[in-house]
Amino acid sequence: MERVFAEYLIETPYEVEQAAAVLAGEQSSGTFVSVPGETEELKKRFAARVEDIQLLDVADEPSIPGGSIPGKKYQKARVKVSWSIENFGYNLPVLISTLQGNLYEITQFTGLKLMDFELPDSFKNHFKGSKFGIQGSKLSCGVADRPMIGTIIKPSIGMSIAETTALVKNLIDAGIDFIKDDELMGSAANSPFDDRVKSIMKVIRDNEQKTGKKVMYAFNISDEIDAMQRKYDLIRKEKGSCAMISINSVGLAGTKKICDQGELVIHGHRNGWGMLNRHPLLGIEFPAYQKIQRLAGVDQLHVNGIQNKFWESDDSVVTSIQSCLKPFLGGYEILPVVSSGQWGGQAVETYRRTQTTDLLYMAGGGILAHPMGPKAGVNALQQAWTGAVEGLSVEETALKYPEFAASVKKFSK
């Protein structure tokens, strides 16, 4: 019978083998005490198995509360556990409950993080995966051998529909590929969702008719499921190409419900990611997280950015980008969305470390606050990526392109 494998980083004051066995039992057929129905035959078929243990370093203090024992050391280890696919079939929420359920509360652990998991190929017969992904997203915008260049409407909330539409027009005239609502913008008092969609889409359709280029706008449809469906249908009616979902807010089943329709590119915003990942020994690592979103069908997923404004290290961002580009179940694609305090200056390092242009590279202030205006801001980002791919340094690119040179003077630290 096929099995699902998961790898965890754990910390425990107990014997690692004992703690790992508790994890396997709690997340399959066992509980805190033996029960009459847990026969050897049942365990052989449904109990999780500890497949491998690799001991790491030892700490003097627990990483998180719970399970601390005076005088004990805290052993870290990588533990691989497997389950028979019979336990959950192809039920995604139950699979995630198995991989990430009550194990975080188990007393034996003073640290536990899901690092990655592996699925049998049969999953691709039951999950559609991303409909558009990398190639479909870029094709929709007419982009080939460079990243998609995008921005976020700023201020995040408070602008009227007329002000937002005017900004969108300026950005389109500047040559932008992608624009998105901020995650804080749903249907505000002075910017009702329906009216905003209709106003913005008229500008996008007019530009497409004149130039042949259809700019992708990700309208934030995050809401209750029925309301998300209505908003999705409106975008489609207005000939839009993309909807944005705050995936941690609407939940896995809500995200998959929308993705399964397959008519709009789904931009997955991971706001709230820090509460899932920021602690080094609690939560989930991005390689596992992005696989869940690929199964749900998300086409584009935020990965933070090099030299970002948040806490995440450049190494972590690079790992996230690489995990999105790594093949999964024979071809499920997902486009890495590079964002967070970005401007053209980070393009050189981003390309050097990832060697890819299969990105959506987004800059808010890096475009909108450019000293020569938004059009120059868009040009500067395109110039930065041209220079990066050509192997030029930031300084060499600045000598070649005046718009990029102005952004270096404005944004470099």
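Quantities reported herein were computed from a predicted structural model and do not represent experimental measurements.

Residue placement: Gly-377 occurs in helix α15 (residues 374–390). Between the alpha carbons of Gly-377 and Val-338 there is a distance of 16 Å; along the sequence they are 39 residues apart. Among residues more than four places away in sequence, those in contact with Gly-377 are Gly-366, Ile-367 and His-370.

On to the environment of Thr-350, then. With respect to the secondary-structure elements, Thr-350 resides in helix α13 (residues 347–354). Take Thr-350: its relative accessible area is 1%, and that puts it in the buried class. Remark: the alpha-carbon pair of Thr-350 and Ile-321, spanning 29 residues in sequence, is separated by 9.8 Å. Sequence-distant contacts of Thr-350, that is, excluding residues within four places in its chain, are made with Ile-306, Gln-355, Leu-359, Tyr-361 and Trp-385. Within polar-contact distance, the side chain of Thr-350 engages the backbone oxygen of Gln-346 at 2.7 Å.

Here we have eight strands rolled up into a closed barrel, ordered β5-β6-β7-β8-β9-β11-β12-β13, and parallel in their pairing. With strand direction ignored, the average angle separating the axes of adjacent strands in the sheet is 30 degrees. Bridging between strand β5 (residues 148–152) and strand β13 (residues 360–362) involves three bridges; their strand directions are parallel. The residue of β13 that forms the bridge with Gly-150 is Met-362. Along the sheet, helix α5 (residues 161–174) contacts β5, β6 (178–180) and β7 (216–220); its crossing angle with β6, the most-contacted strand, is approximately 160 degrees.

The feature "domain: Ribulose bisphosphate carboxylase large subunit C-terminal" (unreviewed entry), as annotated in UniProt, sits at residues 142–410 in this numbering. With 49% helix and 14% strand, the stretch residues 142–410 has end C-alpha atoms that lie 30 Å from each other.

Our focus in this paragraph is the side chain of Lys-214. Considering the arrangement of structural elements, one finds Lys-214 in the loop between α6 (193–211) and β7. Buried and unpaired, Lys-214 has no salt bridge, with Glu-208 as the nearest side chain of opposite charge at 4.5 Å. A distance of 2.5 Å separates a polar side-chain atom of Lys-214 from the backbone oxygen of Lys-239. Apart from residues lying up to four places away in sequence, Lys-214 is in contact with Ser-140, Cys-141, Ile-204, Glu-208, Lys-239, Gly-240 and Ser-241.

Turning our attention to the pairing of strand β12 (residues 335–338). Of the two faces of β12, both are covered, the one formed by Leu-335 and Val-337 as well as the one formed by Pro-336 and Val-338. With four bridges connecting them, strand β11 (residues 300–304) and β12 associate as parallel partners. Residue pairing across strands places Gln-300 opposite Leu-335, the latter belonging to β12. The β-α-β motif built from β11, the intervening helix α12 (residues 314–325) and the parallel element β12 has right-handed crossover chirality. Examined bridge by bridge, β12 and β13 share two bridges and lie parallel to one another.

What counts, and where the lines are drawn
Residues numbered from 1 in each chain as written. Predicted model: local features only at pLDDT ≥ 70, side-chain atom pairs only at ≥ 80, totals over all residues. Heavy atoms only, no water. Helix = DSSP H or I, 4+ residues; strand = E, 2+ residues; numbered from the N terminus. Contact = heavy atoms within 4.5 Å. Buried < 20%, exposed > 50% of the residue type's maximum accessible area, 1.4 Å probe, protein only. Polar contact = N/O pair within 3.5 Å; in protein donor to acceptor, adjacent residues only side chain to side chain. Pairing = 2+ DSSP bridges. Axes fitted to C-alpha atoms, helices over the stretch in contact; angles between N-to-C directions. UniProt positions renumbered as here; feature names shortened; annotations may be inferred. Lys, Arg positive; Asp, Glu negative; His and termini not counted. Salt bridge = Lys/Arg side-chain N within 4 Å of Asp/Glu carboxyl O. Right-handed = clockwise from strand over helix to strand, strands pointing away.

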